[in-house]
Every structure is written in C-alpha cells, then in structure tokens.
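Working through the structure, step by step
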Amino acid sequence: MTTGSATIKAIGHELREMLPPVVFFGVGFNALVQTLQVMSEDSGTQPTSHLTASLGALLVAKAILIADLLPFLNRFRHRARIFEVIWKGGIYYISTALLHVLERLVSAARAEGTFASGLDKALQAFDWSHFAIVQMWLAILLFSFTALMLMVRDLGHESLFEAFFSEGPRRRN
C-alpha cells in the first residue's frame, strides 16, 4: 500500500469515527441554541449562533475521541456499565465545563486587553442562569452519549439497529 492511500484510509477511518459524536452533539448543541434564544428574548442577552454550536459539536466530538485513547478512561470496563457511564460521562462533563469557563475567560481577556481586566469583566457579566442551562444540557448530552456508545460497543451496531428498527415486539427465549 502506498503512503498516499494509507493516509486516505486513515483520514476515512477518522471521519467515520467522528460521525456519530458530531451528529449527536450537533443536534444537541443546536437544540441548546434554540433554548438559549428563547431565554434571550426575556433577558435581552445575545444568544449563541447555530454555526458556533455546530463547531462546538466538532470540537467535543474530537475531544471525546482523543479522551477515549487515554488508558485511565477505561478504568471500569469490566464492571457494571453504569460505573463506566458515570466515570466516563463525569470526566467528559468536568472537562467540558472547565473548557467552557476557560473559553469565557480567554474571550473576555482578549476583549479587555489583559487577563485581570478580562476576569473582572467576565465576573461582572456572568449570568448564572445561562451557565446553569448550558451545564444542564451538557450533562444530559454527555451522559446520554456515553451510555449510547457503550451500548453500541457492547451490543454491536447490528444488534442495536435491529432492536430499534425491527417490526413487532421482541421476545426473549
């Protein structure tokens, strides 16, 4: 196999791996934007755009795929799946919450010129209800995604697809 075809194959593999989280978080983050837009009508704040939500979905998808390579993330692989969902979902949640706060601080510092004045401005303009809504959505999305991906891993794509899309009730023998 030539180097060029190996590279194309590797890129194709990465794109296939990223597709499920990008679609999942793309839909979820755009639903979050709709929620924030409804909230902004009452509070007068500027909501996030759908483009920003879609780019955020790409970043979260890539971050999850990279995090999945870390050995400590699979700490509970041989225990009941609920432990793995809580562990992985919790790590994903804490990571995204910290990145969300850091992104706000960096944006404020850039706008104000210095980190100290940016921090002061960010703290003055901090909207707890906005932050709480975003964090609630993130928690729901991250834990749901984690549970779904573990089911796909354990049951397989075909079995899960059949369970959701086959006709009639399924009976166990």
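Residues numbered from 1 in each chain as written. Predicted model: local features only at pLDDT ≥ 70, side-chain atom pairs only at ≥ 80, totals over all residues. Heavy atoms only, no water.

**Focus: the UniProt feature "transmembrane region" (unreviewed entry) in the protein**
UniProt records the feature "transmembrane region" (unreviewed entry) for residues 21–39, 51–73 and 128–152 in the present numbering. In the segment residues 21–39, helix accounts for 100% and strand for 0%; the C-alpha atoms at its two ends are 26 Å apart. Segment residues 128–152 splits into 100% helix and 0% strand. End C-alpha atoms: 36 Å apart. (UniProt positions renumbered as here; feature names shortened; annotations may be inferred. Helix = DSSP H or I, 4+ residues; strand = E, 2+ residues; numbered from the N terminus.)

**Some thoughts on the environment of K121**
Summarising the element assignment, K121 is placed in helix α4 (residues 115–125). On the basis of relative accessibility, which here comes to 44%, the residue K121 falls in the partly exposed class. With 51 residues separating them in the primary sequence, K121 and L70 have C-alpha atoms 36 Å apart. (Buried < 20%, exposed > 50% of the residue type's maximum accessible area, 1.4 Å probe, protein only.)

**Looking at a nonpolar patch on the surface**
Among the surface-exposed residues, M151, L155, F161, F164 and F165 lie close enough to one another that they form a single nonpolar patch of about 580 Å² accessible area. Only α5 (128–155) and α6 (157–165) provide two or more residues apiece to the nonpolar patch. The element that contributes the greatest number of residues to the nonpolar patch is α6, accounting for three residues. If you trace the backbone, L155 turns up in helix α5. (Patch = residues over 30% accessible without salt bridge, like charges linked within 9 Å, V, L, I, M, F, W, Y side chains within 5 Å. Areas by Shrake-Rupley, 256 points an atom, 1.4 Å probe, with all protein chains shown as cover. Salt bridge = Lys/Arg side-chain N within 4 Å of Asp/Glu carboxyl O.)

**A closer look at the pattern of salt bridges**
Under the counting rule described, the total for this entry stands at seven salt bridges. As a salt-bridge pair, R153 and E84 come within 2.9 Å of each other at their nearest N and O atoms. On the criterion of sequence distance, the pair formed by R153 in helix α5 and E84 in helix α3 (residues 81–112) is long-range, its members being 69 residues apart. R153 sits in the partly exposed class, given a relative accessible area of 29%. Given a relative accessible area of 0%, E84 falls into the buried group. We note a salt bridge from D154 to R153, for which the minimum N-O separation is 3.0 Å. Where salt bridges share partners, they join D68, R81, E84, K88, R153 and D154 into one cluster.

**Describing the packing of aromatic side chains**
With the rule as written, the count across this model stands at seven aromatic pairs. Summarising the aromatic geometry, the rings of F24 and F145 are spaced 5.3 Å apart at their centres and angled 50° between planes, so their arrangement reads as tilted. You can see F24 sitting in helix α1 (residues 3–43) and its partner F145 sitting in helix α5, a full 121 residues away along the chain. You can call F24 partly exposed: its relative accessible area is 23%. Ring pairs connect the aromatic residues F24, F25, F29 and F145, which therefore count as one cluster. One cation-aromatic arrangement involves R75 over W87; the distance from NZ or CZ to the ring centre is 5.5 Å. The ring of F83 has R79 lying over it, and the distance from NZ or CZ to the ring centre is 4.4 Å. (Phe/Tyr/Trp six-rings, centres within 6.5 Å; stacked < 30°, edge-to-face > 60°. Lys NZ or Arg CZ within 6 Å of the ring centre and 35° of its normal.)

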